[in-house]
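Residue-level structure breakdown
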Amino acid sequence: MFRKITTLVATAALSVLVLSGAALAADPITIKFSHVVAENTPKGKMAVKFKDLIAERLGGKVVVEVFPNSQLFGDNKEIEAMLLGDVQLVAPALAKFERYTKQVQIYDLPFLFKDMAAVEKFQQSEKGQALLSSMESKGLVGLGYLHNGMKQLSCASPLRVPADAAGLKFRIMTSDVLAAQFQALNAVPLKKPFSEVFTLLQTKAIDGQENTYSNIYSKKFFEIQPYITESNHGVLDYMLVTSTEFWMSLPDDIRAEVKKALDEATLYGNEIAASQDLEDKQKIIDSKRTEIITLSDAERNQWIEAMKPVWLKFEDEIGKDLIDAAYQSNM
Ligand code: LMR
């Protein structure tokens, strides 16, 4: 009798083990990718491409779920959420990493990069690539850079010269460099999440903001901002990041496939960023809701002169070597 019971128990335990093993094997790894922009933007499209590539190549083993438009987490929370394991992948604007490293602030320095080709050149350089691993001690793994484009200034009043911005309130991302940039114009910077910008503009709590054409278009800022100054004064790019914990928990072969799909999706996003910028600018022009102000060389030089002191202010934090290397990428 006793032997019978023991055998029964052992058999039951074995089937539980076998069953849970089978269940484990069948449970796909979920990668939740949270972001704050619309789907019809370079980041939105890159995220969907990544999801599709994973479904095609790792279907059944890995599932990507994309949450756009701050659906899950706003931009002030998404990195934290990722570190806590609530989501596994985020791609915040480079301006949003200052809590984790001061060096990445380099990308916010006004008029440092003359165009996206210079940004790309720096990002692919040894120093640019090293920044991807600069937050590892904080548990963040940088998996690559993703482009959006150059920032423009949208405003309730026309901005031709820096003095036009004096006294006005501008929403900025959470970056002290961006705060200093607007303070250099005697304007008032306000650090606010991306999801609040439209309402802040609509209620006139702020006068203006800085962003790329794709964000100005997809979030309809142009419908409530009568002027956009094409200043190209800074870059809005992203870093794809995950947590060290999640990344290292992936089996080696899966990690390699995920990285490959991520690289391909990023390349795709980067390829469409430039054309999307032009297309969205054209859609804004066609809407006739706003006037795009083109600066003369003399006017542009005034903006450069006004904002340039910001470099010196952050030279110690960011590192002169790094700033020089980034500047060289314009050559
Ligand atoms: C912003 O907050 O203005 C941007 O970072 C949004 C984005 O992710 O492009």
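Here's what I pulled together on the structure shown here. If you're wondering where the values come from, they're calculated on a predicted model, not measured in any experiment.

Calculation notes
- Residues numbered from 1 in each chain as written.
- Predicted model: local features only at pLDDT ≥ 70, side-chain atom pairs only at ≥ 80, totals over all residues.
- Heavy atoms only, no water.
- Phe/Tyr/Trp six-rings, centres within 6.5 Å; stacked < 30°, edge-to-face > 60°.
- Helix = DSSP H or I, 4+ residues; strand = E, 2+ residues; numbered from the N terminus.
- Buried < 20%, exposed > 50% of the residue type's maximum accessible area, 1.4 Å probe, protein only.
- Lys NZ or Arg CZ within 6 Å of the ring centre and 35° of its normal.
- Core = buried A, V, L, I, M, F, W, Y, C linked by side-chain atoms within 4.5 Å.
- Contact = heavy atoms within 4.5 Å.
- Near = heavy atom within 4 Å.
- Polar contact = N/O pair within 3.5 Å; in protein donor to acceptor, adjacent residues only side chain to side chain.
- Areas by Shrake-Rupley, 256 points an atom, 1.4 Å probe, with all protein chains shown as cover.
- Nonpolar A, V, L, I, M, F, W, Y, C, P; charged D, E, K, R; others polar.
- Axes fitted to C-alpha atoms, helices over the stretch in contact; angles between N-to-C directions.
- Parallel < 35°, antiparallel > 145°, perpendicular 65-115°, else oblique.
- Left-handed = near helix turned anticlockwise from the far one by under 90°.
- Salt bridge = Lys/Arg side-chain N within 4 Å of Asp/Glu carboxyl O.
- Expected span 1.5 Å × (residues − 1).

Details of the packing of aromatic side chains
Aromatic rings in a pair are described by how distant their centres are and how their planes are angled relative to each other. Using the criterion set out here, one finds 8 aromatic pairs in the structure. With centroids separated by 4.6 Å and ring planes inclined at 20°, the aromatic side chains of Phe170 and Phe182 adopt a geometry described as stacked. Pair noted here: Phe170 is in strand β5 (residues 169–172) and Phe182 is in helix α6 (residues 176–183), with a separation of 12 residues, a long-range link. A single burial state applies to Phe170 and to Phe182, both of which are buried. Centroid distance Phe194 to Phe221: 6.0 Å. Interplanar angle 75°. Geometry classified as edge-to-face. Taken together, the residues span a long stretch of sequence, with Phe194 in the loop between β6 (188–191) and α7 (197–202) and Phe221 in the loop between α8 (213–218) and β8 (227–243) at a distance of 27 residues. The same class applies to Phe194 as to Phe221, namely buried. Three or more aromatic residues joined by ring pairs form one cluster here, namely Tyr107, Phe113, Phe122 and Tyr145. If you follow Lys49 out to its NZ or CZ, it ends over the ring of Tyr268, 4.9 Å from the centre. Looking at Lys308, its charged tip hangs above the ring of Trp311, at a distance of 4.8 Å from the centre.

With respect to the nonpolar core
Counting 63 residues, the largest nonpolar core has Phe50 and Trp303 as its most contacted members. Once residues lying within four places of it in the same chain are set aside, the contact partners of Phe50 are Ile31, Phe33, Val64, Leu89, Val258, Ala261, Leu262 and Ala265. Counting residues in each nonpolar core, the second largest holds 35 residues, with Ile79, Phe122, Met135 and Met150 among its members.

Comments concerning the site of the ligand
Around the ligand lies a shell of 13 residues, among which Lys43, Lys96, Arg171, Asn215 and Tyr238 are the nearest. Take Asp75: an N or O atom from its side chain is 3.4 Å from an oxygen atom of the ligand. Coverage of the ligand by the protein chains reaches 100% of its 270 Å² of free accessible surface. The residue inventory of the shell around the ligand, partitioned by class, reads 7 nonpolar, 2 polar and 4 charged.

Description of the packing of helix α12 (residues 309–318) against helix α13 (residues 320–328)
Remark: α12 packs on α13, axes separated minimally by 7 Å, with the N-to-C direction vectors making an angle of 115°. Contact residues: α12 offers Trp311, Glu315 and Ile318, while α13 offers Lys320, Leu322, Ile323 and Tyr327.

Brief notes about the packing of α6 against α12
Remark: α6 packs on α12, axes separated minimally by 9 Å, with the N-to-C direction vectors making an angle of 150°. One finds that α6 runs roughly antiparallel with respect to α12. Remark: the crossing between α6 and α12 carries right-handed chirality. Taking contact as the criterion, the partners of Asp176, Val177, Ala180 and Gln181 in α6 are, on α12, Val310, Lys313 and Phe314. Residue composition of the contact of α6 with α12, by class: 4 nonpolar, 1 polar and 2 charged.

Structural notes on the pattern of salt bridges
In a structure, side chains of opposite charge can pair up when their charged atoms sit close to one another. Counted by the stated rule, this structure contains 13 salt bridges. Note that Lys191 is salt-bridged to Glu98, the shortest N-O span being 3.8 Å. In this pair, Lys191 sits in strand β6 while Glu98 sits in the loop between β3 (89–90) and α4 (116–124), placing the two residues 93 residues apart along the sequence. We note a salt bridge from Glu210 to Lys151, for which the minimum N-O separation is 3.2 Å. Taken together, the residues span a long stretch of sequence, with Glu210 in strand β7 (residues 208–211) and Lys151 in strand β4 (residues 140–155) at a distance of 59 residues.

Here we look at helix α10 (residues 252–287)
A turn of α-helix holds 3.6 residues, and therefore any two residues three or four places apart point the same way. For α10, with 36 residues, the first-to-last C-alpha span of 50 Å sits near the 52 Å given by 1.5 Å per residue. Positive phi appears at Lys288, one or two residues downstream of α10, with a value of about 55°.

Digging into the side chain of Ser214
The residue Ser214 is located in helix α8 in this model. The buried category is assigned to Ser214, whose relative accessible area is 1%. In this structure the side chain of Ser214 is engaged in a polar contact, spanning 3.3 Å, whose partner is the side chain of Asn148. Among residues more than four places away in sequence, those in contact with Ser214 are Thr41, Pro42, Asn148, Gln276 and Asp280.

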